[in-house]
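Coordinate inspection notes
In case you want the letters, here they are:
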Amino acid sequence: MASATWLHSSCLSNTLLPILYRKTTLHPTLLRFNRISSAARFFSSPNQTNSSVLAQAKRRDGFLSKEDRVATPADLHFESPLSIVEYPDPILRARNKRIATFDDNLKKLVDEMFDVMYKTDGIGLSAPQVGMNVELMVFNPVGERGEGEEIVLVNPRVNKYSKKTVLFNEGCLSFPGIYADIQRPESVKIDAKDINGAKFSVSLSDLPARVFQHEFDHLQGVLFFDRMTEEVLDSIRVQLQALEKKYEDKTGLPSPERVKARNSRKVAVGFGKS
């Protein structure tokens, strides 16, 4: 995600602070918001409300052994500087592997991802967006180096999410200059690992929840236009086609997907593919 102006709607649970990769001066706007509500009242379990999605995920995983779903050293190898992968590069649709090695190389990768995010005026970035097909995301709702909280989530999973949804204007670093309205759950509860491999759970709402969901979609191979209504998609269709042509001109290859051929909405509000 690339719009740091979303700061006005941010909310970060205090339970997140102990597991942050790097704590900086917390922006006063973030301090004013702490409206995480009880899971019993506001959250729905993905196991109950999105059973078809989970079933499809299990079928996909069935094609790979447990070992194949874990990132190898080769999967985590990278060269500096990292750069943003733009739509329709197939890397953005590829399967992302779980991370099992928590070492200096992973910390360097996280540092590089933050560098790219700040340089491109982003507030969130997933590993596949820099060509790394592993389950890793970084974000800072403030979007400024030295301000706010730098958050690192490894192998994140959605535990619960709110029934209440909100419409918000989103952008994406892999879709430069494109912004559109998307409906998403207002709050989420997630399980993940931190930069050292320690497990934790945290509740997010408002802007942090929005950023997380956007980046989590990337880890599932879901792109933000997949969640748009046809009316909203029509408003950016020409821009998407321009990116497809840009890819073809740059690579000499046909675009791996074409928005022109998209006849119906691919995913519902929630998580994962449907």
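Residues numbered from 1 in each chain as written. Predicted model: local features only at pLDDT ≥ 70, side-chain atom pairs only at ≥ 80, totals over all residues. Heavy atoms only, no water.

The name an unreviewed UniProt entry assigns to the protein is Peptide deformylase, from the organism Acer negundo. Quoted straight from UniProt, the Catalytic activity (unreviewed entry) entry for the protein says "N-terminal N-formyl-L-methionyl-[peptide] + H2O = N-terminal L-methionyl-[peptide] + formate". For the record of the protein, the UniProt heading Cofactor (unreviewed entry) holds the text "Fe(2+)". (UniProt positions renumbered as here; feature names shortened; annotations may be inferred.)

With that settled, consider the environment of K164. Note that K164 resides in the loop between strand 6 (149-162) and strand 7 (165-171). A relative accessible area of 49% means that K164 is categorised as partly exposed. In sequence terms K164 and S187 are 23 residues apart; their C-alpha atoms lie 8.0 Å from each other. Contacts of K164, omitting those with residues within four sequence positions, involve R184, P185 and E186. (Helix = DSSP H or I, 4+ residues; strand = E, 2+ residues; numbered from the N terminus. Buried < 20%, exposed > 50% of the residue type's maximum accessible area, 1.4 Å probe, protein only. Contact = heavy atoms within 4.5 Å.)

Residues S80 and P81 are joined by a peptide bond in cis, for which omega reads -5°. Summarising the element assignment, P81 is placed in the loop between helix 4 (51-61) and helix 5 (104-119). With an omega of 10°, the peptide bond between Y87 and P88 qualifies as cis. By secondary structure assignment, the location of P88 is in the loop between helix 4 and helix 5.

So, on to the side chain of E112. With respect to the element layout, E112 can be found in helix 5. Within the buried core, E112 has no salt-bridge partner, and the shortest N-O distance to an opposite charge, that of K119, equals 6.8 Å. In contact with E112, not counting residues within four places along its chain, are F78, S80, P81 and L82. (Lys, Arg positive; Asp, Glu negative; His and termini not counted. Salt bridge = Lys/Arg side-chain N within 4 Å of Asp/Glu carboxyl O.)

In this section: the nonpolar core. L109, M113, L125 and L136 are the most contacted members of the largest nonpolar core, which totals 25 residues. Those elements that place two or more of their residues in this core are helix 5, strand 5 (136-139) and strand 6. Here this core takes 8 residues from helix 5, the largest share from any one element. Once residues within four sequence positions are removed from consideration, M113 is found in contact with L82, L125, S126, A127, V130, L136 and V138. Grouped together as the second largest cluster of nonpolar side chains are 19 residues, I151, V158, F200 and F212 included. (Core = buried A, V, L, I, M, F, W, Y, C linked by side-chain atoms within 4.5 Å.)

This brings us to the packing of aromatic side chains. Applying the stated rule across the entire model yields 6 aromatic pairs. Plain terms: the ring middles of F114 and Y118 are 6.1 Å apart, the flat faces sit at 20° to each other, and that makes the pair stacked. A residue pair is termed a helical-turn pair when its members lie 3 or 4 positions apart in one helix, as F114 and Y118 do in helix 5 at 4 residues. By the burial criterion, F114 is buried, and Y118 matches it. For the ring pair F175 and F224, a centre distance of 4.9 Å and an interplane angle of 50° mean the geometry is tilted. On the criterion of sequence distance, the pair formed by F175 in the loop between strand 7 and strand 8 (179-185) and F224 in the loop between helix 6 (206-219) and helix 7 (230-251) is long-range, its members being 49 residues apart. Per residue, the accessibility class of F175 equals that of F224, and both read buried. A connected cluster of aromatic rings, assembled from ring pairs, spans Y87, F175, F224 and F225. (Phe/Tyr/Trp six-rings, centres within 6.5 Å; stacked < 30°, edge-to-face > 60°.)

Owing to a relative accessible area of 9%, Y118 belongs among the buried residues under this scheme. Along the primary structure Y118 and G143 are separated by 25 residues, whereas in three dimensions their C-alpha atoms are 6.7 Å apart. Leaving out residues up to four positions away in the same chain, Y118 has contacts with N140, G143, E144, R145 and E150. Polar side-chain contacts of Y118 include one of 2.6 Å to the side chain of E150. (Polar contact = N/O pair within 3.5 Å; in protein donor to acceptor, adjacent residues only side chain to side chain.)

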